[in-house]
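# What the coordinates show
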Amino acid sequence: MTCALGRVRFAGSQMECQYMVMSFGVPESLFQNESVAKFLNYIDETKQKEADTIEEAKKEGRIDNPRETDIVMGRGKPFINFPGNKAVQSLINDSFRIQYRNLGSRDEKTVMSEAVLQMIKDKGIRFLKRDVKRGTWIQVDSMTAREKVSNILRMKPSVQIPLLRMKSNGGWFSG
């Protein structure tokens, strides 16, 4: 005998299938009457509840799992090592960082960070923050995303530009 539950298939006797299906949380009472119609109805109701939950989450802008290209907001190594965060670090290369440091006014830096943010958003990258109460992720507003980009731009370039210093005897050296 073969019984199916959603995408999972079990082979074995009716009792074995019943025990396997019960391991997924299906109540034993559905099997006492051996009513297949009740069981199928239960499966349909469960699928509908899951679809409603997913639809509700989409309406509210909640995201179950971030994509690997997303930027996740937070502190610590799990956030630093997230693939999307690492990718955006390399996207915002050293030339952007050096250019940002050389800008004079705060307004110029804001304009540059907004331009870099737009470049990132054009690639389909989202900025997400963890909603601890619901256990999901939400997309942050543009102001928070721009602050994150500004923070990345303020990071030290990976290539240090050598500074020339004068020795006491008047010679030059790099270092």
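Residues numbered from 1 in each chain as written. Predicted model: local features only at pLDDT ≥ 70, side-chain atom pairs only at ≥ 80, totals over all residues. Heavy atoms only, no water.

## Concerning the sheet that holds strand β3 (residues 62-63)
Strand order across the open sheet formed by 4 strands is β3-β6-β5-β4, with mixed pairing between neighbours. Either end of the sheet is taken by a strand with one partner, and the two such strands are β3 and β4 (71-72). (Pairing = 2+ DSSP bridges. Helix = DSSP H or I, 4+ residues; strand = E, 2+ residues; numbered from the N terminus.)

## What about the packing of helix α6 (residues 94-102) against helix α8 (residues 142-154)?
Running from N to C, α6 and α8 cross one another at 95°; their axes reach a closest spacing of 8 Å. The angle between α6 and α8 falls in the class roughly perpendicular. For the pair α6 and α8, the contacting residues are Phe96, Arg97, Tyr100 and Arg101 in the first and Ser150, Ile152, Leu153 and Arg154 in the second. (Axes fitted to C-alpha atoms, helices over the stretch in contact; angles between N-to-C directions. Parallel < 35°, antiparallel > 145°, perpendicular 65-115°, else oblique. Contact = heavy atoms within 4.5 Å.)

## Section: helix α7 (residues 106-122)
With 17 residues, α7 should reach 24 Å at 1.5 Å per residue; the first-to-last C-alpha distance of 24 Å fits that figure. When we look at burial in α7, the residues that qualify are Met112, Ser113, Val116, Leu117 and Ile120. Viewed end-on, α7 has its buried residues packed into an arc of 140°, placing them on one side of the element. The exposed set on the far side of α7, more than 90 degrees from its buried face, consists of Asp107, Val111 and Asp122. Contacts made by the buried residues of α7 are with β4, α5 (83-91), α6, β5 (127-131) and α8. Just beyond α7, the residue with positive phi is Gly124, at close to 85°. (Expected span 1.5 Å × (residues − 1). Buried < 20%, exposed > 50% of the residue type's maximum accessible area, 1.4 Å probe, protein only. Arc of directions from axis to C-beta.)

## Some thoughts on the environment of Ser29
Within the secondary structure layout, Ser29 lies in helix α2 (residues 29-32). On the basis of relative accessible area, Ser29 is assigned to the partly exposed category, the value being 44%. Expressed as a C-alpha distance, the spacing of Ser29 and Phe39, which sit 10 residues apart in the sequence, is 9.7 Å.

## Here we look at the nonpolar core
Counting residues in each nonpolar core, the largest one holds 16 residues, and the members touching the most others are Ile92, Val116, Ile120, Phe127, Val149 and Leu153. Among the secondary structure elements, those contributing two or more residues to this core are α7 and α8. In contact with Phe127, other than residues within four places in its own chain, are Ile71, Met73, Leu117, Ile120, Ile138, Gln139, Val140, Ala145, Lys148 and Val149. Membership of the second largest hydrophobic core comes to 5 residues, among which are Ile63, Phe82, Leu128 and Trp137. (Core = buried A, V, L, I, M, F, W, Y, C linked by side-chain atoms within 4.5 Å.)

## Points about the packing of aromatic side chains
This structure, assessed with the given rule, holds 0 aromatic pairs. Over the ring of Tyr100 we find Lys109, and its NZ or CZ is 5.4 Å from the ring centre. (Phe/Tyr/Trp six-rings, centres within 6.5 Å; stacked < 30°, edge-to-face > 60°. Lys NZ or Arg CZ within 6 Å of the ring centre and 35° of its normal.)

## Thoughts on the confidence of the model for the protein chain
Averaged over every residue, the pLDDT of the protein chain is 76; the share at 70 or more is 73%. A low-confidence stretch, residues 162-175 stays under pLDDT 50, and its non-local contacts, those more than four residues away or across chains, total 14 contacts. (pLDDT = per-residue confidence, 0-100.)

## As for the pairing of strand β6 (residues 136-139)
Across 2 bridges, the pairing between β3 and β6 is antiparallel. Opposite Arg62, over in β6, you have Ile138 as the bridge partner. Note that β5 and β6 share 4 bridges and pair antiparallel. Within the sheet, the bridge partner assigned to Leu128 lies in β6 and is Gln139. Here β5 folds back onto β6 in antiparallel fashion, the turn holding 4 residues, of which Gly135 has a positive phi close to 75°.

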